[in-house]
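# Coordinate analysis (summary)
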Amino acid sequence: MSTFPPCPACGSALTYEDGSGNYVCPECAHEWPVKTEAATDDATARVWRDAAGNALQDGDTVTVIKDLKLKGGGGVVKQGTKVKNIRLVDGDHDIDCKIDGFGAMSLKSEFVRKS
Ligand SMILES: [Zn+2]
């Protein structure tokens with residue numbers, strides 16, 4: 001038995017597939033395509049990996065694998081520093097985090113390893 005996703009417009013669970021590639025909601029008449037690869041492929045396919053190739057997730061704890069000099073004489077984040085509760089973001093520095101003693105900062109995933 002197959003299950004259909006709830007209606008994105010009204011939340012109804014009584015949706016069905018109409019046989020032409022669309023889901024249909026009988027309650028609000030909303031229709032939307034069954035296939036969503038085009039919409040999700042690039043947007044959600046990115047996987048963040050640490051220096052060892054492990055996939056990273058929001059909330060992970062990682063360890064810094066090399067001394068990282070901060071810009072503007074902000075000090076050095078030492079190799080071996082544990083960073084809790086990372087947040088993955090798009091960009092050159094693809095990890096947002098907070099490090100004790102340093103505050104909020106950005107790291108590159110290639111310089112950390114999942115703990
Ligand atoms: Zn609906």
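Predicted model, so just to flag it, every value in this text is computed and none were measured. (Residues numbered from 1 in each chain as written. Predicted model: local features only at pLDDT ≥ 70, side-chain atom pairs only at ≥ 80, totals over all residues.)

This brings us to the overall build of the chain. From N to C terminus, the chain includes one helix and eleven strands. Taken from N to C terminus, the helices and strands of the chain fall in the order β-β-β-α-β-β-β-β-β-β-β-β. (Helix = DSSP H or I, 4+ residues; strand = E, 2+ residues; numbered from the N terminus.)

This part covers the sheet that holds strand E10 (residues 103–107). Here we have three strands laid out as an open sheet, ordered E8-E9-E10, and antiparallel in their pairing. Strand pairing shows two members of the sheet lacking a second neighbour, strand E8 (87–88) and E10, which therefore form its edges. By the bridge criterion, five bridges tie strand E9 (residues 95–99) to E10 in an arrangement that is antiparallel. Along E10, the bridge assignment pairs Ile 95 with Leu 107. (Pairing = 2+ DSSP bridges.)

Core analysis: the largest hydrophobic core is formed by seven residues, namely Val 62, Val 83, Ile 86, Ile 95, Cys 97, Leu 107 and Val 112. Ignoring sequence-local partners within four residues, the contact set of Val 112 consists of Asp 50, Ala 51, Val 62, Thr 63, Val 64, Ile 65, Val 83, Ile 95 and Leu 107. (Core = buried A, V, L, I, M, F, W, Y, C linked by C-beta atoms within 7 Å. Buried ≥ 20, exposed ≤ 12 C-beta atoms within 10 Å, placed from the backbone. Contact = placed C-beta atoms within 7 Å.)

Following the sequence through the fold, Arg 113 ends up in strand E11 (residues 112–114). Overall, the presence of 15 C-beta atoms within 10 Å leaves Arg 113 in the partly exposed class. Considering only alpha carbons, one finds Arg 113 and Val 64, 49 residues apart in sequence, at a separation of 6.5 Å. When near neighbours in sequence (up to four residues on either side) are disregarded, Arg 113 contacts Asp 50, Ala 51, Ala 52, Val 62, Thr 63 and Ile 65.

So, about unusual backbone geometry. Among all residues save glycine, negative phi is the norm, and among peptide bonds the norm is trans. Its identity as a non-glycine residue notwithstanding, Ala 29 has a phi of 70 degrees, on the positive side. When you line up the elements, Ala 29 lands in the loop between strand E2 (22–24) and strand E3 (31–33). Phi at Asn 85 takes a positive value of approximately 55 degrees, unusual for a residue other than glycine. With respect to the helices and strands, Asn 85 occurs in the loop between strand E7 (82–83) and E8.

Reading across the sheet, the three strands line up as E1-E2-E3 and stay open at both edges, with antiparallel pairing between neighbours. With one partner strand each, in any of the chains shown, strand E1 (16–17) and E3 form the two edges of the open sheet. As paired elements, E1 and E2 share two bridges and run antiparallel to each other. When the sheet's bridge partners are listed, Glu 17 is paired in E2 with Tyr 23.

Turning our eyes to something else, we now look at the UniProt feature "domain: Protein YjdM N-terminal" (unreviewed entry) in the chain. UniProt feature "domain: Protein YjdM N-terminal" (unreviewed entry): in the numbering of this structure it lies at residues 3–33. End-to-end, the C-alpha atoms of residues 3–33 are 15 Å apart, and along that stretch the chain is 0% helix and 26% strand. (UniProt positions renumbered as here; feature names shortened; annotations may be inferred.)

On any regular strand, side chains alternate: one points to one face of the sheet, the next to the other face. As judged from the two bridges shared by E8 and E9, these two strands associate in the antiparallel manner. By the bridge assignment, Leu 88 is partnered in E9 with Ile 95. Here E8 hands over to E9 after six residues, with Gly 91 in that stretch at a positive phi of 140 degrees.

Turning our eyes to something else, we now look at the environment of Gly 91. Tracing the sequence through the fold places Gly 91 in the loop between E8 and E9. Between the C-alpha atoms of Gly 91 and Ser 106, which are 15 residues apart in sequence, the distance is 9.9 Å.

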